[in-house]
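Fold and contact review
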Amino acid sequence: MAVHGELSKHALRASDADREATAARLRVAAMEGRLDSDELEARMEAAYAARWCHQLDTLTLDVTPPPPPTPAVRPTFVKPAKRTNGFAIASVVSAVFWMWWLGSIAAVVMGHIALRQINRSGGRQTGRGVAITGLALGYLGLLTLAFVMFGIALG
């Protein structure tokens, strides 16, 4: 009964969609004059009573050509788009536009969060260089703050 891991057409149970498709083919055959009304009625009853696909095939075999086979479709795998980590961008922005060195602290914190998220993303996120730039600018701002505080303390 199994053909290459799939059920053969003979062993496949008919679905409601299969029955409706057969009924539509029978109506077309009747409109084309291939079936008279009595034969159409008998075949329609048999179509709606059919339990197996091969029973449906025999109802339309002599009056309509078989439907074209559906082409096999190869699965298409789409690689997910990489996106830049938002914390990495925020780290650089707050390091560049720092106000009274509070932006430097935010840049350092967000830079470390960004690097951790990028490492855990499994390649779905980018922005490692942006995060490192934000970290470097943030630490530079904090270093500047330390020198200014040291200068004030001495002065």
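Computed from a predicted structure; not experimentally measured. (Residues numbered from 1 in each chain as written. Predicted model: local features only at pLDDT ≥ 70, side-chain atom pairs only at ≥ 80, totals over all residues. Heavy atoms only, no water.)

1. With respect to the packing of helix 5 (residues 102-120) against helix 6 (residues 128-154)
Heads up, the rule is: Lines fitted to the C-alpha atoms define the axes, with helices restricted to the stretch that makes contact. Angles between their N-to-C directions range from 0 to 180 degrees. Secondary structure elements follow DSSP: runs of H or I no shorter than four residues count as helices, runs of E no shorter than two count as strands, and numbering proceeds from the N terminus. Geometric relationships in this document are graded by angle, where less than 35 degrees denotes roughly parallel, more than 145 denotes roughly antiparallel, 65 to 115 denotes roughly perpendicular, and other angles denote oblique. Crossing handedness follows the turn of the near helix against the far one: under a right angle anticlockwise gives a left-handed crossing, and clockwise gives a right-handed one. Whether two residues are in contact is decided by their heavy atoms: any pair within 4.5 Å suffices.
Closest axis-to-axis distance for the helix 5/helix 6 pair is 8 Å, and the angle between their directions is 155°. One finds that helix 5 runs roughly antiparallel with respect to helix 6. Handedness of the crossing formed by helix 5 with helix 6: left-handed. Across from S104, I105, A107, V108, G111, H112, A114, L115, I118 and N119 in helix 5, the residues of helix 6 making contact are R128, A131, I132, G134, L135, G138, Y139, G141 and L142.

2. Notes on the environment of G103
Filter applied, for reference: Accessible area is worked out with a 1.4 Å probe on protein chains only. A residue is then buried under 20% of its type maximum, exposed over 50%, and partly exposed in between.
In this structure, G103 sits in helix 5. Overall, the relative accessible area of 10% leaves G103 in the buried class. A sequence separation of 24 residues divides G103 from G127, and the C-alpha atoms of the two residues are 19 Å apart. Dropping the residues within four chain positions of it, G103 is found in contact with S94, A95 and W98.

3. Looking at the packing of aromatic side chains
Selection criterion: Side-chain rings of Phe, Tyr and Trp, where Trp is taken by its six-membered ring, are said to pair if the distance between their centres is within 6.5 Å; with planes under 30 degrees apart they count as stacked, over 60 as edge-to-face, and otherwise as tilted. Charge-over-ring contacts are defined here by two conditions on Lys NZ or Arg CZ: a distance within 6 Å of the ring centre and an angle within 35 degrees of the ring normal.
Applying the stated rule across the entire model yields zero aromatic pairs. In this structure, R13 is placed above the aromatic ring of W52, and the distance from its NZ or CZ to the ring centre is 5.1 Å.

4. Remarks on helix 3 (residues 53-60)
Put simply, the test is: Directions pointing from the helix axis toward each C-beta atom define the arc.
Those residues of helix 3 lying buried are C53, L56, L59 and T60. For helix 3, the arc enclosing every buried residue in end-on projection is 115°, short of the 170-degree limit, so these residues lie on one face. Summarising the contacts, the buried residues of helix 3 are in contact with helix 1 (16-31) and helix 2 (37-49).

5. Describing the pattern of salt bridges
Rule in force here: Any Lys or Arg side-chain nitrogen found within 4 Å of a carboxyl oxygen on Asp or Glu counts as a salt bridge.
Summed over the entire model, instances satisfying the criterion amount to four salt bridges. With its nearest N and O atoms 3.0 Å apart, the salt bridge here joins E39 to R43. Pair noted here: E39 and R43 are both in helix 2, with a separation of four residues, about one helical turn. Among the residues examined, R43 registers a relative accessible area of 11% and is labelled buried. A salt bridge links D62 to R43; the nearest nitrogen and oxygen atoms lie 2.8 Å apart.

6. Description of the side chain of S94
Heads up, the condition is: Identification of polar contacts relies on pairs of N or O atoms within 3.5 Å, with a donor-acceptor requirement for protein atoms, meaning one able to donate a hydrogen and the other able to accept it, and with residues adjacent in sequence counted only if both atoms are side-chain atoms.
With respect to the helices and strands, the residue S94 is situated in helix 4 (residues 86-96). Of note is the side chain of S94, whose polar atom sits 3.4 Å from the backbone oxygen of S91. Those residues in contact with S94 that sit more than four places away from it in its chain are G103, S104, A106, A107 and M110.

Coordinates in, geometry out; function isn't part of it.
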